[in-house]
Amino acid sequence: MSAPASESQPMISMQAVNKHFGSLHVLKDINLEVDRGQVVVVLGPSGSGKSTLCRTINRLEPIDSGTIAVDGQPLPEEGRKLAALRSDVGMVFQSFNLFAHKTIVDNVALAPMKVRKQSKDEARAQAMKLLERVGVANQADKYPAQLSGGQQQRVAIARSLAMNPKVMLFDEPTSALDPEMINEVLAVMTSLAREGMTMVVVTHEMGFARSAANRVVFMADGAIVEDAKPEEFFSNPKSDRAKDFLGKILNH
């Protein structure tokens, strides 16, 4: 293991990051630092670059220029170092991406056995603890298709936590869920935030942004337009883009 980075170093650092899809400039000179234990919620209209930003942090999307570092380590291009970095950065997507042919407990135990070389007993014991933590331990021997969407997403969170990540990225984790299931997933995320997990969350859930975020980053057209504390952002947005966005969302 490399020596722990100094506490003063940001957990995530993005400097002058640019990304194009063909002629479309989807991330424009992104500068963003996230301190350890901070919860940053990324808001913005569709197509503003939020998900792409999230996906560059563990190099699911390569960048054209700029630098990204996690816990002081620059993102490797590929290979074993990239795999190691990815195991430090948990990611939860819209779709739950669970293995359909494996039980819930096996879904959570798989990566620690394969990547962290845990024994089966150790990995399963830890998986059960995590399933308990997200409130689905009683479903451990079922298969994903037997669970509700909210339960599957909580399993997906437990699976990310099983790698003991330094950072958790959430890319619209509740947008595929029925309304009554959203809160059970947000409750798990809120408890993680309170426990001091460093989190970057792309979401449309304004209540979560207000209550759990330390900062709100507002994006439009591939750029960060505002970066403020939630109470500031919601009560006094500085830019017309943010005012317009909030007007549409909060007047629903």
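Along each chain, residues carry numbers from 1 onward, in the same order as the chain's sequence is written. The predicted origin of the model limits local features to residues at a pLDDT of at least 70 and limits the giving and counting of side-chain atom pairs to 80 or more, whereas totals for whole chains, interfaces and linings rest on all residues. Hydrogens and water are ignored here; the side-chain numbers use all heavy atoms of the structure.

**Looking at the overall build of the protein**
- When helices and strands are counted, the protein shows nine helices and 10 strands.
- Along the three orthogonal principal directions, the C-alpha set of the protein runs to about 55 × 40 × 35 Å.
- Of all 252 residues assigned to the protein, the portion counted as buried reaches 53%.
- We call two residues in contact when some of their heavy atoms are within 4.5 Å. Counted over contacts in the protein with a minimum sequence separation of 6, partners at least 24 positions apart contribute 67%.
- Put simply, the protein shows about 12,100 Å² of open surface, and 49% of that area lies on carbon and sulfur atoms.
- Two residue types count as positive, namely Lys and Arg, and two as negative, namely Asp and Glu; His and chain ends fall outside the count. The atoms used to mark charge sites are NZ of Lys, CZ of Arg, CG of Asp and CD of Glu. Positive and negative side-chain charges in the protein, numbering 29 and 29 respectively, have mean positions lying 4 Å apart. A run of H or I in DSSP becomes a helix once it reaches four residues, and a run of E becomes a strand once it reaches two; helices and strands are each numbered from the N terminus. The buried label goes to any residue with under 20% of its type's maximum accessible area, the exposed label to any with over 50%, and the partly exposed label to all in between, with areas taken from a 1.4 Å probe on protein chains only. A 1.4 Å probe and the Shrake-Rupley method give the accessible areas. Residues count as covered only by the protein chains that appear here.

**Overview of the UniProt feature "domain: ABC transporter" (unreviewed entry) in the protein**
- UniProt positions are given in the numbering used here, feature names are shortened, and annotations may be inferred rather than shown by experiment. Feature annotation in UniProt places "domain: ABC transporter" (unreviewed entry) on residues 12–246, given in this structure's numbering.
- For residues 12–246, helix accounts for 39% and strand for 26%, while the C-alpha atoms at its two ends are 27 Å apart.

**Let's talk about the packing of helix α4 (residues 120–133) against helix α5 (residues 149–161)**
- Axis separation between α4 and α5 bottoms out at 9 Å; the angle between their running directions is 135 degrees. The angle between α4 and α5 falls in the class oblique. When you trace α4 past α5, the crossing you get is right-handed. Contacts between α4 and α5 involve Gln126, Leu130, Leu131 and Arg133 from the former and Val155, Ala158 and Leu161 from the latter.
- Split by residue class, the contact of α4 with α5 holds five nonpolar, one polar and one charged. Axis lines are fitted to C-alpha atoms, over the contacting stretch for helices. Their N-to-C directions set the angle, which ranges from 0 to 180 degrees. Roughly parallel refers to an angle under 35 degrees, roughly antiparallel to one over 145, roughly perpendicular to one between 65 and 115, and oblique to any angle outside these ranges. For any helix crossing, the convention is left-handed if the near helix is rotated counterclockwise from the far helix by under a right angle, and right-handed if that rotation is clockwise. Any residue that is not Ala, Val, Leu, Ile, Met, Phe, Trp, Tyr, Cys, Pro, Asp, Glu, Lys or Arg is counted as polar, Gly included; the first ten are nonpolar and the last four charged.

**Describing helix α2 (residues 79–88)**
- Taken as a whole, α2 has its buried residues at Leu82, Leu85, Ser87 and Asp88.
- Contacts from the buried residues of α2 go to β4 (65–70), β6 (89–92) and β7 (167–171).

**Considerations on the packing of aromatic side chains**
- Working definition: rings of Phe, Tyr and Trp (its six-membered ring) pair if their centres are within 6.5 Å, and the pair is stacked with planes under 30 degrees apart, edge-to-face with planes over 60 apart, and tilted otherwise. The tally for this structure, following the rule as stated, stands at three aromatic pairs.
- Between Phe233 and Phe234, the ring centres sit 5.4 Å apart and the planes meet at 80 degrees, which makes this aromatic pair edge-to-face.
- Residue classification places Phe233 among the buried residues on the basis of a relative accessible area of 0%.
- Among the residues examined, Phe234 registers a relative accessible area of 10% and is labelled buried.
- One aromatic cluster is present, formed by Phe218, Phe233, Phe234 and Phe245 through successive ring pairs.

**Points about the environment of Ala156**
- Along the chain, Ala156 falls in helix α5.
- The spatial distance from the C-alpha of Ala156 to the C-alpha of Val92 is 6.5 Å, given a sequence separation of 64 residues.
- Dropping the residues within four chain positions of it, Ala156 is found in contact with Val92, Phe96 and Leu98.

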